[in-house]
Amino acid sequence: MVKTPIKATLSLCTAIAVGAAALWATPNTAQVAQQRSISLRDTFPVGSNGLCEAQIQAPEAGAGLFDRKYNILCRDAAASIGTMWVVRGRVADQAAEKFVGPGATCTERAGAEIPAGLPGGKRLICSREGSIIRTELLVGEVGNRTYAASGLSAYGTALELGVASLATDQIVPGTVDIPLTQTTDSLAFIRQQAESITADQALVEAYRRANSGEFAEAAEFFAASAATLSGNGEIEARLNEGLLQSNIGNFAEAQRRFNQTREGAAATPVLARLQRNYEAIDALNRGEPAQALQILNTPLRSEFGDTGALRELKIGPAMARRLSAESDAISSASISSSLTPLERAQLLDGQADYLRATGQRLLGNSGDAAVTLARANETLAEVRGGRIVSMVWLRAQVLGELAEISEDNGQNAEAEALHKQGIGLLAGAYPESPALYSAQAQLAAFYSRTGRSSDAIALYRDIVAEAEGRPAPTLRSYMSNYFGLLLEDGANAAAAADIFSASQLLLRPGLAQTQAVLARELSGGSDEASQLFRRSVNIGRSIQRMRASIVQIEGEAAVNPQAEVILAERQQRLDGLLSQQAEVLQKLAEYPRFRAVSGGAINLEGMQSILRNDEAYVKMVALDNEAYMVYIAHDDALAYKIDATPEQLEEMVLKIRESIAIAEGGQVLTFPFDMEASRDLYLRLFEPVADRLPGRKHIVFEPDGAMLKLPINLLVTDDESVERYQAQLETPEGDDYNFTGVAWLGRNSQISTSVAPTAFRDVRAAPRSSARKAYLGLGENTPINDTPGVSNGTRSALAGGENCLWSENIWSNPIKSDELYDAARRLGGGQASATTVLTKTGFTDTAIKSREDLSDYRILHFATHGLVTAPQAGCPPRPALLTSFEPEGDSDGLLTFAEIFGLRIDADLVILSACDTAGSATVGATLEAGITSGGNFALDGLVRAFVGAGGRTVLASHWPVPDDFDATKRLIGGLFDVADSETAEALRRSQLELMDDPQTSHPFYWSAFAVVGDGSVKVTR
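Visitor: Just checking my understanding: could you explain the nonpolar core for this structure?
Guide: If you look at soluble globular proteins, the nonpolar side chains tend to sit buried side by side. Judged by nonpolar contacts, the single largest core of 94 residues is most densely connected at Leu-426, Tyr-460, Leu-475, Tyr-482 and Phe-483. Per-element accounting of this core gives the leading share, ten residues, to helix 17 (residues 434-449). Setting aside anything within four residues of it in sequence, one finds Tyr-460 in contact with Ala-441, Ala-444, Ala-445, Tyr-478, Asn-481, Tyr-482 and Leu-485. Ile-642, Val-722, Tyr-725 and Val-1011 belong to the second largest nonpolar core, which has 76 residues in total.

Okay, here's the thing in structure tokens:
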């Protein structure tokens, strides 16, 4: 039987704007609300495919009260690609001078197509001497207004759809066709938008996105506001940052923010209410309704004084612009004005009653909850007739709570109607939003609780279809119910397609995104377009790093003249980078393959079509309380629930990892491997396909949760292996470190690791390296003193340092280069020019970065120490590989995450013969590299950096790799024993030799390495 889902305790309540104008809806249908006037919005999407957005800007000098100006921001362009204007008066004849500026030469394109809504308009192409950038200008007159859009001609469709939306005063649908690298995900695009507008505008936009359920996006806008606002504005932004941290489950960080704001918020009645409500939401998010009620019932320290004065409406320039725009754009039936402090306080009190009702219901007091909800509904409705768009989410949540109470009372028809009423509100105000999807999922959960499984499944399928593969992490808490319904009768093939599609909505940014970018770059081989693409990616990263360096010095520049000079220099360099990027994107737009978004989610049939007959793709999904698996073969599929919770899997993986290796006292210690735990984990994960999995020659495993930290090649596939091991222990010569003959999953099957179905598709489709040389080996750093350190038997740096720097000792214990020379000999085929080995003084970070021939090698092999932890507690870990120091220059003896990402390689295979190279990077290290998304997940560290540099497949380690018994040297050397061998197969054969040697049969010696990417890539060819 499917587990009956519990009713939602809280739909991740969000925010009520206290410092910004509230938006108002007309009293019409949801369709009218969805098409509300562009002139009433500070931001609006340009086109229908989510690639560009228009954001209103501060009025220009001399602009009239009715004039407006917008910037257009598009994915992967670090600066605005164009500007749009709405100007009172007919000034189309002066368009070139007014909208492009002096010094530009403009030529009208006769017969060119004119955007909708601009009858009699014209299109001009403008240029400036000394620049290859062509500017397109669209201009037309409607009534007594002039509408214009000017920007890069490569973004012509964005200009057309943007100015058409302004001229018709509604969003004009259409496909934006622009040059794309896809180096930024949706969150990075949001951060780009947040940084481009004023703090006040960012605060308004933050509330809009928070109320639509886009919590991560809203956080970027709140952060942008908090960084520049002061006083009450900063308190408000910080409060919302705290709430969003609570909504995503980071309760400690939420409490830290609330502690920072509590004293300042208490001084004003509105902010005091905001603090009270947000801390109550945090308590509900933590599952503590009694504490939430205590917070809500505690009297406020600050209340209103002269209510008459507070009711007065003070209109500033921004509100005056909005009011004048509204008066021209909407009917007299609409209402518009800024909320007064009393009105905001009343809305917050209505929210407080809603929260009280939630707490009361959770404590079993449904009768009291119904009364409190009715009071909340009445309070909210009193403020401007309940027509405030920014309150739609709260009204929808009140309706959801009323539905829960009706369900408790057995009034299912009324409960369904209330759910649908809330969905209708959200569909009108926030179409295609996470808030809408969550409300629909709540209705689906209601259907499943009331025996309407088919209705629930149909609604879940609709949600997945509407999301169209766009990541929607807010749906994670509802997926267990959906998957449970699909698997109500146990493991079955019919559910595989639905679960496979739905699970891709939970995709994490990081390595998968970088693999997609690499595949996009390689889609046409190494032609001029690919070189332009790579240059655009590198410039984008440089822009992000320069912006970060500007932020670091802005505060000091305000009081230090020398810092002010440095700031000006950095700003000038940033302007130069932005110009370079515009030029490259202009050229890139000439290539059609870089003007289209590459494929999104892949369905079951699509995955089956790219699998060979002897392969299986196994995708794991770890949710809050349950975990699921989807097994896919070329002609077969099965979905099932894993026989362990994510928490239980975490405990099992930790137990197994601790029997492999732990770091203690500066040494890496191994223990007898826990065979029984390995066998138990195999059955928990794979029992429904235990008869199919070992028969597959190549298994592509997509781990999740705890399994990101453990390779599956060491799982035991039969009970006989455990029994034989126990039996030999009882003999006089029994050896608890002898695991020869064990039926490991990796004994007969090749194993590859994937991070997403789309990533595997992209890597498999990418063309192979065109490098002319076979192999480049790098390692054996020069010791920094004459006394080598004592080896700890592994390639990890365990010595700590001071001030977050590594101890000199780690450079005193170099890894021998025998492994590199052995591989070069095997791959050279008697041709010395085909291989190169760099050691000692040739193996410095500066020498590696300066080489221009890295892309000439098909295999790159690093044999050195891996630095993936922090030198000491409290220091931020920054993944790096240890190198030699350069005698002179700026060498630091480390090849860092950022430096690796900036290399230019063209490798089929990168071998990281160092410790823990399959680990993560911090968000900080990622941002330092100019990468705007990902981090904090396994494989987002050194693996991602080498993929970003141009490596298709990476061989990386899960723990400190050993040098005892020459284990790692033998393992890596064995990769090159058989010509024309696939990577995963070569690794399997090499592991077999160690598995069957009593000295190295413990998984510590042979199991650490994982093939990340497509293991069917050949090592030799």
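Visitor: When you look at the packing of aromatic side chains in this model, what are you seeing that I'm missing?
Guide: For any pair of aromatic rings, geometry is given as the distance between the ring centres together with the angle between the planes. A full pass over the atoms with the stated rule returns 21 aromatic pairs. Taken together, the aromatic side chains of Phe-673, Tyr-725, Phe-739, Trp-744 and Trp-1006 make up a single cluster linked through ring pairs.

Visitor: Where do I start with the sheet that holds strand 5 (residues 105-108) in this structure?
Guide: Where strands meet in a sheet, backbone hydrogen bonds hold them as pairs that are either parallel or antiparallel. Ordered by their spatial adjacency, eight strands build an open sheet running 1-2-3-4-8-7-6-5, and the pairing between neighbours is antiparallel. The open sheet is flanked by strand 1 (43-46) and strand 5, the only strands paired with a single partner. Within this sheet the neighbouring strands show an average axis-to-axis angle of 20°, counted without direction. As paired elements, strand 7 (residues 134-142) and strand 8 (residues 145-152) share eight bridges and run antiparallel to each other. Residue pairing in the sheet places Leu-137 in a bridge with Ser-150 of strand 8.

Visitor: Explain unusual backbone geometry here, please?
Guide: Only a minority of non-glycine residues have a phi that is not negative, and only a minority of peptide bonds are not trans. One non-glycine residue with positive phi stands out, namely Glu-780, at about 50°. Turning to its location among the elements, Glu-780 is positioned in the loop between strand 16 (773-779) and helix 30 (818-828).

Visitor: In this structure, what is going on with the packing of helix 21 (residues 511-522) against helix 29 (residues 757-765)? I would like to understand it.
Guide: Angle between the axes and distance between the axes are the two parameters that describe a pair of packed helices. For the pair helix 21 and helix 29, the least separation of the axes is 9 Å and the interaxial angle reads 30°. One element, helix 21, and the other, helix 29, form an angle in the roughly parallel class. In terms of crossing hand, the pair formed by helix 21 and helix 29 is left-handed. Within the contact between the two elements, helix 21 uses Ala-512, Gln-515, Ala-516 and Ala-519 and helix 29 uses Ala-759, Asp-762 and Val-763.

Visitor: Can you walk me through the sheet that holds strand 9 (residues 615-622) in this structure?
Guide: Read across the sheet, eleven strands follow the order 11-10-9-14-15-24-23-22-18-16-17 without closing on themselves; strand pairing throughout is mixed. Two strands close off the open sheet at either side, each with one partner strand: strand 11 (636-641) and strand 17 (835-839). Neighbour-to-neighbour, the strand axes of this sheet turn through a mean angle of 20°, independent of strand direction. Alignment of strand 16 against strand 17, held across five bridges, turns out to be parallel. The residue bridging Leu-778 from the neighbouring strand is Leu-838, located in strand 17.

Visitor: Got a minute to help me understand the state of the cysteines in this structure?
Guide: In protein structure, a disulfide is the covalent linkage between the sulfur atoms of two cysteines. Summed over all chains, the structure comprises two disulfides. Linked covalently through their sulfurs, Cys-52 and Cys-74 form a disulfide whose S-S length is 2.1 Å. On the sign convention where negative is left-handed, the bridge of Cys-52 and Cys-74, at about 110° about the S-S bond, is right-handed. Residue Cys-52 is located in strand 2 (residues 52-56), and its partner Cys-74 is located in strand 3 (residues 68-74); the two are separated by 22 residues in the primary sequence. Given a relative accessible area of 2%, Cys-52 falls into the buried group. Linked covalently through their sulfurs, Cys-106 and Cys-126 form a disulfide whose S-S length is 2.1 Å. Its S-S torsion of about 110° marks the bond between Cys-106 and Cys-126 as right-handed, since a negative value means left-handed. With Cys-106 in strand 5 and Cys-126 in strand 6 (residues 122-127), this pair connects stretches of sequence that are 20 residues apart. For Cys-126, a relative accessible area of 1% translates into the label buried.

Visitor: Quick question: what am I supposed to make of the environment of Leu-296 here?
Guide: Take Leu-296: it is sitting in helix 10 (residues 289-296). Separated by 60 residues in the primary sequence, Leu-296 and Arg-356 have C-alpha atoms spaced 7.1 Å apart. When sequence neighbours within four positions are dropped, the list of residues in contact with Leu-296 reads Arg-276, Asn-277, Ala-280, Ala-352, Leu-355 and Arg-356.

Visitor: It is not clear to me how the pairing of strand 16 should be interpreted in this structure. Could you clarify?
Guide: A regular strand places its side chains on the two faces of the sheet in alternate fashion. Counting buried positions along strand 16 yields six of seven residues, so the element is predominantly enclosed. Relative to strand 18 (residues 857-863), strand 16 runs parallel, the two sharing six bridges. Paired with Leu-778 across the two strands is Phe-862, which belongs to strand 18.

Visitor: Which parts of the structure should I look at to understand helix 7 (residues 231-247)?
Guide: Because the α-helix completes a turn every 3.6 residues, residues three or four places apart line up on one side. End to end, helix 7 covers 25 Å across 17 residues, agreeing with the expected 24 Å (1.5 Å per residue, within 8%). Judged by how many residues are buried, helix 7 sits mostly within the fold: 13 of 17 residues are covered. Gly-249 sits one or two positions beyond helix 7 and adopts a positive phi of about 90°.

Visitor: What am I meant to see in the pairing of strand 22 (residues 907-913) here?
Guide: Buried residues dominate strand 22, accounting for seven of its seven residues. Pairing geometry for strand 18 and strand 22, over five bridges, is parallel. Bridged to Leu-860 within strand 22 is Val-910. Where strand 22 meets strand 23 (residues 951-957), four bridges bridge the pair, whose relative direction is parallel. Across the sheet, Ala-907 pairs through a bridge with Gly-951, a residue of strand 23.

What counts and how
Residues numbered from 1 in each chain as written. Predicted model: local features only at pLDDT ≥ 70, side-chain atom pairs only at ≥ 80, totals over all residues. Heavy atoms only, no water. Core = buried A, V, L, I, M, F, W, Y, C linked by side-chain atoms within 4.5 Å. Buried < 20%, exposed > 50% of the residue type's maximum accessible area, 1.4 Å probe, protein only. Helix = DSSP H or I, 4+ residues; strand = E, 2+ residues; numbered from the N terminus. Contact = heavy atoms within 4.5 Å. Phe/Tyr/Trp six-rings, centres within 6.5 Å; stacked < 30°, edge-to-face > 60°. Pairing = 2+ DSSP bridges. Axes fitted to C-alpha atoms, helices over the stretch in contact; angles between N-to-C directions. Parallel < 35°, antiparallel > 145°, perpendicular 65-115°, else oblique. Left-handed = near helix turned anticlockwise from the far one by under 90°. Disulfide = S-S within 2.5 Å. Expected span 1.5 Å × (residues − 1).

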